[in-house]
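These are the residues of each chain, in order.
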Amino acid sequence: MRRIFTIAIVAFAALAILQSCEKDLPTNLEYSAYDFASLDENGGTWKPILLDSAAQIAIPAPAEEGSASFQAEVAETKAAAEKLTADQSEAVQYWSTNGLIRWNEIARELVAKYNLTPAANADGTYTLPDPANPSAYPNFPFAHPPYASRMYAYWSAAQFDALIAAWHYKYQYNRPAPYKADASVVTHLPQTDLPGYPADGAAVAAVSKAILTAMFPLEKDFLAEKAEEHQNSLIWAGINVQSDIVAGDSLGKGVAAIFLARAKTDGMKHAQAPKAISDSLAAVALERFGWQFINQEVPQRPVGIAPLYGRVKPWCIPNIEEVRPVPPPAPGSSEYEAAVAELKDYSENLTDEQREIANFWADGAGTYTPPGHWNRFASEAIVDNKLNPLRSARVFAYMNMAIMDAGISCWDAKYYYHYPRPTQSIPGFKAILGVPNFPGYTSGHSTFSAAAAITLSHFFPNRQAQFEAWAQEAADSRVYAGIHFRFDSEVGNTQGKACGIYAVDIAKADGGE
Amino acid sequence: MSSFLIKTLIVSGLLLMLAFPKTALAQTPNDAIMMEKGQLCIAAIYGHDSWDEYWEGTLKRKNGNIGTFTRRSVMGMFSLGITDNINLLGGLPWMKTDPSAGQMKGAKGLQDWGLWVKAKALEFKMGKSSLGLYPVIGLTGPASNYAVDYLPFALGFGAYELMGRGIVIYEHEKGFYLRGSYGYHLRSNTEIERDYYYTTHGVYSSTVDMPNASSFAATLGALVLDNSLKIELTYDGMNTLGGSDIRRNDMPFPSNNMEFTRIGGSLQYYFPFAKGLSVLATGGYTLSGRNMGQTTSFSGGITYQFGLWTPKGGAVD
């Protein structure tokens with residue numbers, strides 16, 4: 001018996017030790033520095049999204065390669081890169097060759113952090129986040145899918161324009177990177193033939209800091225710290241000199257300001273409409289169609305999420321009516337009854353695989369949302385295809401503009417048709433995920449995903465089948481979960497494609513094909 | 001009536017709680033009574049626990065979209081005397097969780113199987129009383145592919161848990177006893193059905209690093225009515241060693257820092273006219289907690305004990 005206990009105690013201790021050696025779980029996309037598949041030397045000629053031209057934001061001409069001041073800067077970078085502290089080395093490997101990947105990850109992380117539905121007050125009322133007082137509960141923002149889609153779109157479109165401008169100046173001035181000017185400069189990232197001035201990484205950091213701070217005001221200090229580390233890492237890595245960074249930073253700030261000016265007037269500030277307007281949208285639908293979405297929460301939330309998001313200014317679609325879907329089936333119709341029967345069947349007989357699909361795509365509270373899920377896929381495809389930052393920004397920009405447009409179109413349909421969700425329409429019906437606080441028709445997951453899939457397929461045609469399969473799975477997932485009727489998802493999928501095509505058409509003509 | 005049988009029934013009665021590693025009364029093998037070699041006790045227990053308030057981190061709240069949370073369970077258990085000093089115990093519960101309000105469904109299915117080995121390691125006689133030390137080691141693991149990331153409706157954590165527990169008991173020959181125990185619970189990682197989640201930071205994995213936990217219990221017990229009725233009063237609790245708090249108005253997560261203290265009691269009655277048969281009832285109430293519901297629990301069951309084989313050189317009562 002003593003032997004048994006000795007064995008047990010040894011086994012217990014061994015397990016405890018093994019457990020303490022469990023590998024830390026990844027907190028970001030694991031990738032290592034890569035050589036760019038192309039440099040896109042003509043990238044400065046591509047058509048920007050908002051800038052009139054690549055030269056709209058002026059930066060000073062750099063000191064000549066042979067100048068004493070440039071030589072002094074090269075010497076500074078050389079000294080800094082020669083011997084890195086452990087922290088500096090870690091920062092270089094973290095930001096690596098394509099800081100967009102990390103900033104996109106940071107943006108997703110902030111969405112997950114801020115994507116929590118405000119709790120009810122003690123008296124059963126609800127308070128909305130207040131951008132004028134972001135730190136009061138509920139904190140601003142509530143980063144729900146429309147909010148997130150808009151954030152990703154501004155972040156990435158601004159990056160694209162800033163990098164087009166950076167490329168323009170790089171090849172206009174052609175000032176070499178420090179390691180080209182002095183072969184004895186030690187570098188900790190792959191060397192390229194990209195001219196150094198202005199630093200593209202510094203522009204990326206400046207745009208990210210400006211846009212994300214506007215979107216997540218409580219993260220101001222955190223973002224400033226990250227941007228500073230990113231910019232410093234370019235010196236530590238031996239790939240830029242200080243004036244590259246100053247110019248890149250100034251360029252990024254200038255471009256971000258143009259995008260933030262658009263954001264101020266794009267209609268988002270009216271999207272979270274007051275109760276009277278929200279109620280009137282429901283009343284109009286009831287009058288017009290004979291139904292309205294009613295929030296089923298306890299206590300009831302008086303206003304849906306962003307009822308007027310459908311009126312926010314889109315990027316690529318010409319007008320919202322163009323992509324508005326046909327009306328949903330009327331309750332009682334045979335198509336409606338078939339959809340009800342399908343939902344009831346899943347509710348009783350859901351397979352493990354269907355449940356896994358529902359959970360994999362849930363992307364609900366506390367996550368980066370469906371648009372964030374597609375940004376993750378985009379990041380992975382960008383790294384796998386070794387895209388340079390400019391070309392990466394192009395992917396992010398068109399995908400996220402398409403996603404935001406799809407979201408605007410979806411929200412237009414949601415609040416135009418004001419169609420109830422299954423949990424409202426089918427007596428006793430319950431879902432296996434949290435039911436969102438906005439009308440069901442059409443499905444946001446389906447619309448966002450179809451728009452993302454069609455744009456990503458354009459940029460990565462060899463992955464088209466995978467992207468389309470994912471979009472279909474995302475659409476199906478909401479039916480499995482009991483969140484949507486089949487037609488919500490199917491029509492959303494078609495609608496998302498229709499929105500995405502406009503973005504693809506613009507991409508085809510921007511000079512970057 | 002033999003006190004041995006009573007003890008056997010007490011063992012099985014308490015065992016009913018073994019299979020509720022995440023909930024309810026006495027969550028681990030917690031008694032200090034051994035079955036003799038060759039004796040088998042089987043039990044069937046119905047359990048019911050419910051709460052309408054829970055702790056979101058340390059904030060106690062109601063949730064109109066859950067209403068009253070109820071869990072019902074049915075469990076089969078056994079306890080076998082391998083030798084007089086080593087017992088093998090096992091249990092398997094089926095359960096169903098339901099909210100009374102809201103738009104989300106509950107869950108149902110087999111939860112976690114459990115197997116434990118308990119031994120009598122030391123016993124000191126001191127006049128009219130005795131002091132005993134009983135180590136227990138056990139393993140629990142998911143018995144079905146339930147959804148782990150579906151709290152509070154999830155049936156369990158989906159993790160394997162290795163539990164080590166030390167039990168000390170002071171018994172007086174007049175039929176009362178004091179028992180104390182401390183347990184340590186080593187938990188494996190668990191898997192959820194999505195590959196990104198946010199706790200205090202984002203994680204790009206479907207694997208969740210589950211914090212370990214410790215547990216304690218203190219029990220005052222007595223045997224009355226000519227040893228046919230056992231009465232116990234227990235104060236116990238659990239402390240998760242690490243983990244995050246539920247954020248404001250967020251869903252709970254398997255690796256939350258869950259804690260509770262609880263007061264509970266149990267009664268077990270052995271029928272004089274039916275050898276080997278007993279009924280039992282328990283009740284418990286959560287006094288304090290963190291990232292868990294304030295549960296009120298009841299259970300009732302029946303146990304039957306009999307000789308599976310007759311050990312050489314000794315007759316079973």
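Residues numbered from 1 in each chain as written. Chains lettered and ligands numbered in written order. Predicted model: local features only at pLDDT ≥ 70, side-chain atom pairs only at ≥ 80, totals over all residues. Heavy atoms only, no water.

**Examining the overall build of chain B**
Phase 1 of the analysis: Regarding its fold elements, chain B presents one helix and 20 strands.
Phase 2 of the analysis: Split into buried and exposed, the 317 residues of chain B put 60% on the buried side.
Phase 3 of the analysis: Partitioning the contacts of chain B with sequence separation of at least 6, the portion at a separation of at least 24 is 65%.
Phase 4 of the analysis: For chain B, the computed accessible surface area is about 11800 Å², with 62% contributed by carbon and sulfur atoms. (Helix = DSSP H or I, 4+ residues; strand = E, 2+ residues; numbered from the N terminus. Buried < 20%, exposed > 50% of the residue type's maximum accessible area, 1.4 Å probe, protein only. Contact = heavy atoms within 4.5 Å. Areas by Shrake-Rupley, 256 points an atom, 1.4 Å probe, with all protein chains shown as cover.)

**Some points on the overall build of chain A**
Phase 1 of the analysis: For chain A, the helix and strand inventory stands at 18 helices and zero strands.
Phase 2 of the analysis: Computed over its C-alpha atoms, the radius of gyration of chain A comes to 25 Å, within 12% of the 24 Å expected for a compact globule of 513 residues.
Phase 3 of the analysis: Along the first, second and third principal axes, the C-alpha atoms of chain A reach 80 × 80 × 50 Å.
Phase 4 of the analysis: Here chain A holds 513 residues, and the buried ones make up 58% of them.
Phase 5 of the analysis: Taking as baseline every contact in chain A between residues at least 6 positions apart, the subset at least 24 positions apart corresponds to 85%.
Phase 6 of the analysis: Total accessible area on chain A is roughly 19800 Å²; 54% of this is exposed by carbon and sulfur atoms.
Phase 7 of the analysis: In chain A, 40 positive and 56 negative side-chain charges are present, and the distance between their average locations comes to 3 Å. (Rg over C-alpha atoms; globule rule 2.2 N^0.38 Å. Lys, Arg positive; Asp, Glu negative; His and termini not counted. Charge placed at Lys NZ, Arg CZ, Asp CG, Glu CD.)

**What to know about the interface of chain A and chain B**
Phase 1 of the analysis: The partner chain B presents 47 residues to the 46 residues of chain A that form the contact.
Phase 2 of the analysis: Of the roughly 4100 Å² buried where chain A meets chain B, counting both sides, 55% is carbon and sulfur surface.
Phase 3 of the analysis: The tally of links from chain A across to chain B stands at two salt bridges.
Phase 4 of the analysis: Where Glu 193 of chain B meets Arg 355 of chain A, a salt bridge forms, and the shortest distance between an N and an O atom there is 2.7 Å.
Phase 5 of the analysis: One can count 19 residue pairs in polar contact (both at pLDDT 80 or more) joining chain A with chain B. (Buried area = accessible area lost by both parts, 1.4 Å probe. Salt bridge = Lys/Arg side-chain N within 4 Å of Asp/Glu carboxyl O. Polar contact = N/O pair within 3.5 Å; in protein donor to acceptor, adjacent residues only side chain to side chain.)

**Here we look at the nonpolar core**
Soluble globular proteins tend to bury their nonpolar side chains together.
Residues and elements named next belong to chain A.
Phase 1 of the analysis: Core analysis: the largest hydrophobic core is formed by 185 residues, its most contacted members being Trp 103 and Trp 374.
Phase 2 of the analysis: Per element, the largest residue contribution to this core is 18 residues, and it comes from helix H14 (residues 389-417).
Phase 3 of the analysis: When residues of this core are assigned to domains, at least three map to each of domain 1 (43-60 + 81-264) and domain 2 (270-508).
Phase 4 of the analysis: Those residues in contact with Trp 103 that sit more than four places away from it in its chain are Trp 95, Trp 155, Val 204, Ala 205, Ser 208, Leu 212, Leu 223, Lys 226, Ala 227 and His 230. (Core = buried A, V, L, I, M, F, W, Y, C linked by side-chain atoms within 4.5 Å. Domains from an automatic or database assignment.)

**Considerations on the side chain of Asn 115 of chain A**
Phase 1 of the analysis: For Asn 115 of chain A, the location among the structural elements is in the loop between helix H4 (99-114) and helix H5 (145-173).
Phase 2 of the analysis: Setting aside chain neighbours within four positions, we find Asn 115 of chain A in contact with Phe 142, Ala 143, His 144, Gly 364, Ala 365, Gly 366, Thr 367 and Thr 369 of chain A.

**Quick look at the domain arrangement of chain A**
All names here are of chain A.
Phase 1 of the analysis: Segmenting chain A into domains produces domain 1 (43-60 + 81-264) and domain 2 (270-508).
Phase 2 of the analysis: Relative placement of domain 1 and domain 2: their C-alpha centres are 28 Å apart.
Phase 3 of the analysis: At the interface, 42 residues of domain 1 touch 44 residues of domain 2.
Phase 4 of the analysis: Both faces considered, domain 1 and domain 2 share a buried interface measuring about 3400 Å² in area, 73% of it formed by carbon and sulfur atoms.
Phase 5 of the analysis: Among the residues of domain 1 in contact with domain 2, Arg 108, Tyr 126 and Arg 262 are the three that bury the most area, contributing 18% of the side total.
Phase 6 of the analysis: Summed over the shared surface of domain 1 and domain 2, the result is zero salt bridges.
Phase 7 of the analysis: Viewed at the interface, domain 2 and domain 1 are joined by 16 residue pairs in polar contact (both at pLDDT 80 or more).

**Details of the side chain of Ser 215 of chain B**
Phase 1 of the analysis: When you line up the elements, Ser 215 of chain B lands in strand E16 (residues 212-224).
Phase 2 of the analysis: Side chain to side chain, Ser 215 of chain B and His 185 of chain B meet in a polar contact 2.7 Å long.

**Regarding the pairing of strand E8 (residues 122-126) of chain B**
Residues and elements named next belong to chain B.
Phase 1 of the analysis: Note: E8 against strand E9 (residues 129-142), five bridges, orientation antiparallel. Considered in E9, the bridge of Lys 125 is made with Ser 130.
Phase 2 of the analysis: Connecting the antiparallel pair E8 and E9 is a turn made up of two residues, with Gly 127 showing a positive phi of about 65°. (Pairing = 2+ DSSP bridges.)

**Some remarks on the packing of aromatic side chains**
Residue and element names in this part refer to chain A.
Phase 1 of the analysis: Under the defined criterion, the tally for this structure stands at 51 aromatic pairs over all chains.
Phase 2 of the analysis: Each ring, one from Tyr 34 and one from Phe 36, has its centre 5.8 Å from the other, and the planes form 80°; the classification is edge-to-face.
Phase 3 of the analysis: Classification of Tyr 34 by relative accessible area gives buried; the value is 5%.
Phase 4 of the analysis: Relative accessible area serves as the criterion here: at 16%, Phe 36 is assigned to the buried category. (Phe/Tyr/Trp six-rings, centres within 6.5 Å; stacked < 30°, edge-to-face > 60°.)

**Comments concerning helix H11 (residues 334-349) of chain A**
Residue and element names in this part refer to chain A.
Phase 1 of the analysis: The end-to-end C-alpha separation of H11 is 22 Å, in line with the 22 Å expected for 16 residues at 1.5 Å each.
Phase 2 of the analysis: All of the buried residues along H11 are Tyr 336, Ala 339, Val 340, Glu 342, Leu 343 and Tyr 346. For H11, the angular spread of buried residues about the axis comes to 160°, placing them on one side. Exposed residues lying more than 90 degrees from the buried face of H11 are Ser 334 and Glu 348.
Phase 3 of the analysis: Contact partners of the buried residues in H11: helix H12 (352-360), helix H15 (422-425), helix H17 (464-480) and helix H18 (486-508). (Expected span 1.5 Å × (residues − 1). Arc of directions from axis to C-beta.)

**Thoughts on the pairing of E16 of chain B**
Residues and elements named next belong to chain B.
Phase 1 of the analysis: Where strand E11 (residues 176-187) and E16 come together, ten bridges link them in antiparallel fashion. Opposite Tyr 177, over in E16, you have Gly 221 as the bridge partner.
Phase 2 of the analysis: The pairing of E16 with strand E17 (residues 229-241) spans 13 bridges and is classified as antiparallel. The residue bridging Ala 213 from the neighbouring strand is Thr 240, located in E17.
Phase 3 of the analysis: The turn joining E16 and E17, which pair antiparallel and follow one another in sequence, is formed by four residues; a positive phi near 50° is taken by Leu 225.

**Section: helix H3 (residues 86-95) of chain A**
All names here are of chain A.
Phase 1 of the analysis: By the burial criterion, the buried members of H3 are Gln 88, Ala 91, Val 92, Tyr 94 and Trp 95. Each buried residue of H3 lies within a common arc of 165° when the element is viewed along its axis, so the set occupies one face. Pointing more than 90 degrees away from the buried face of H3 are the exposed residues Ala 86 and Glu 90.
Phase 2 of the analysis: Packing partners of the buried residues in H3 comprise H4 and helix H8 (220-236).
Phase 3 of the analysis: Ser 96 occupies a position one or two residues after H3 and carries a positive phi of about 55°.

**Remarks on the pattern of salt bridges**
Phase 1 of the analysis: Applying the stated rule across the entire model yields 33 salt bridges over all chains.
Phase 2 of the analysis: Glu 342 of chain A is paired through a salt bridge with Arg 486 of chain A; the nearest N and O atoms lie 2.7 Å apart. Taken as a pair, Glu 342 of chain A in helix H11 and Arg 486 of chain A in helix H18 lie far apart in primary sequence, 144 residues in all. The exposure classification of Glu 342 of chain A matches that of Arg 486 of chain A, with both residues buried.
Phase 3 of the analysis: Of the charged contacts, one joins Asp 245 of chain B and Arg 290 of chain B as a salt bridge, the two residues approaching to 2.9 Å between their closest N and O atoms. Of this pair, Asp 245 of chain B sits in the loop between E17 and strand E18 (259-270) while Arg 290 of chain B sits in strand E19 (residues 277-290), and the two are 45 residues apart along the sequence.
Phase 4 of the analysis: Under the relative-accessibility criterion, Asp 245 of chain B is labelled partly exposed at 30%.
Phase 5 of the analysis: Overlapping salt bridges bring together Glu 73, Arg 175 and Asp 244 of chain A as one network.

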